[in-house]
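Tertiary structure, described
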Amino acid sequence: MIHYAAVAYPRWYFDGIGAIFSTVVFKHDGSVEYGQQPIGLAAVLRAYGRLDTAAVMTGSYLHTPSKRMDWTPYHAWLLTHFFVMSRLNAADQKQFGQYMAAVGRGETMAQAAQAFGTLVQLRREVRAYAGLPHEYAKTVKSTTDYAPTVTPLTQPAAEAMLKRVAGRG
């Protein structure tokens with residue numbers, strides 16, 4: 001994520017994207033599935049505490065231990081899945097965009113969370129989402145046949161390509 005977009009992301013979002021893609025399954029037919037609900041999500045949320053949406057969105061979960069929630073990849077999966085893979089309403093999409101833009105500009109997570117107002121409505125929506133069956137993504141096998149062309153490079157051409165690629169990072 002950092003390599004292709006030089007933007008700041010909150011830690012919970014990195015954790016969540018990792019958790020979403022940790023479920024990737026490459027099928028024999030060439031299709032790919034990802035974003036499936038982790039096995040035992042409900043049990044983990046019961047054992048480690050329900051997601052404290054306000055603490056995560058403001059970043060306080062990083063500095064102040066909660067008596068209500070221990071942070072796990074399951075919590076990260078749930079919150080990120082809610083924002084990335086659910087059918088967000090227009091207001092939530094706008095607020096999430098404002099939140100991420102604020103974090104990207106270097107504002108604290110607490111400042112960025114002001115995009116959601118009091119966070120009461122967001123907390124309700126995420127809690128309701130936690131109890132629903134969750135959709136996941138599935139690609140279909142490509143109908144295109146690929147015939148890659150492999151061209152041996154001369155040493156100067158290889159060095160030029162390396163410099164060009166390194167210049168993007």
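Further up the page is the structure itself.
Residues numbered from 1 in each chain as written. Predicted model: local features only at pLDDT ≥ 70, side-chain atom pairs only at ≥ 80, totals over all residues. Heavy atoms only, no water.

So, about the packing of aromatic side chains. One pass over the full model with this rule turns up 14 aromatic pairs. Between Trp12 and Phe96, the ring centres sit 6.5 Å apart and the planes meet at 50°, which makes this aromatic pair tilted. Taken together, the residues span a long stretch of sequence, with Trp12 in helix 1 (residues 11–21) and Phe96 in helix 5 (residues 90–104) at a distance of 84 residues. Each member of the pair, Trp12 as well as Phe96, is classed as buried. (Phe/Tyr/Trp six-rings, centres within 6.5 Å; stacked < 30°, edge-to-face > 60°. Helix = DSSP H or I, 4+ residues; strand = E, 2+ residues; numbered from the N terminus. Buried < 20%, exposed > 50% of the residue type's maximum accessible area, 1.4 Å probe, protein only.)

To continue, consider the pattern of salt bridges. Following the criterion strictly, the structure yields five salt bridges and no others. With its nearest N and O atoms 3.9 Å apart, the salt bridge here joins Lys27 to Glu33. Given the relative accessible area of 35%, Lys27 is considered partly exposed. Overall, the relative accessible area of 7% leaves Glu33 in the buried class. Through salt bridges that share partners, Lys27, Glu33 and Lys138 make up one connected network. (Salt bridge = Lys/Arg side-chain N within 4 Å of Asp/Glu carboxyl O.)

The next thing to look at is the sheet that holds strand 3 (residues 137–138). Spatial strand order, 1-2-3: three strands in an open sheet with antiparallel pairing. On the outer flanks of this sheet lie strand 1 (25–26) and strand 3, each paired with one strand and no other. Where strand 1 lies against strand 2 (residues 32–34), two bridges are found, and the strand directions are antiparallel. Residue pairing in the sheet places Val25 in a bridge with Glu33 of strand 2. (Pairing = 2+ DSSP bridges.)

Attention now moves to the environment of Arg87. With respect to the secondary-structure elements, Arg87 resides in the loop between helix 4 (73–85) and helix 5. Here Glu135 takes part through its side chain, which lies 3.0 Å from a polar atom of the side chain of Arg87. (Polar contact = N/O pair within 3.5 Å; in protein donor to acceptor, adjacent residues only side chain to side chain.)

Once that is clear, we can look at the packing of helix 1 against helix 4. Two elements in contact, helix 1 and helix 4, have axes whose closest approach is 7 Å; the angle formed by their N-to-C orientations is 90°. In terms of orientation, helix 1 lies roughly perpendicular with respect to helix 4. Between helix 1 and helix 4, the contacting residues are Trp12, Tyr13, Asp15, Gly16, Ile17, Ala19 and Ile20 on the first element and Pro73, Ala76, Trp77, Leu79, Thr80, His81, Phe83, Val84 and Met85 on the second. Taken together, the residues of the contact of helix 1 with helix 4 sort by class into 12 nonpolar, three polar and one charged. (Axes fitted to C-alpha atoms, helices over the stretch in contact; angles between N-to-C directions. Parallel < 35°, antiparallel > 145°, perpendicular 65-115°, else oblique. Contact = heavy atoms within 4.5 Å. Nonpolar A, V, L, I, M, F, W, Y, C, P; charged D, E, K, R; others polar.)

Our next topic: helix 5. Here helix 5 spans 21 Å end to end across 15 residues, near enough to the 21 Å set by a 1.5 Å rise per residue. Here helix 5 has its buried residues at Asp92, Phe96, Tyr99, Met100, Ala102 and Val103. One side of helix 5 holds all its buried residues, which, seen down the axis, span an arc of 160°. Helix 5 presents Ala90 and Lys94 as exposed residues on the side facing more than 90 degrees away from its buried surface. The inward-facing, buried residues of helix 5 abut helix 1, helix 3 (53–58), helix 4, helix 6 (109–112) and helix 7 (120–130). Backbone nitrogen of Ala91 and a side-chain oxygen of the N-cap are separated by 3.1 Å at the start of helix 5; the cap is Asn89. Phi for Gly106, located one or two positions after helix 5, is positive at around 100°. (Expected span 1.5 Å × (residues − 1). Arc of directions from axis to C-beta.)

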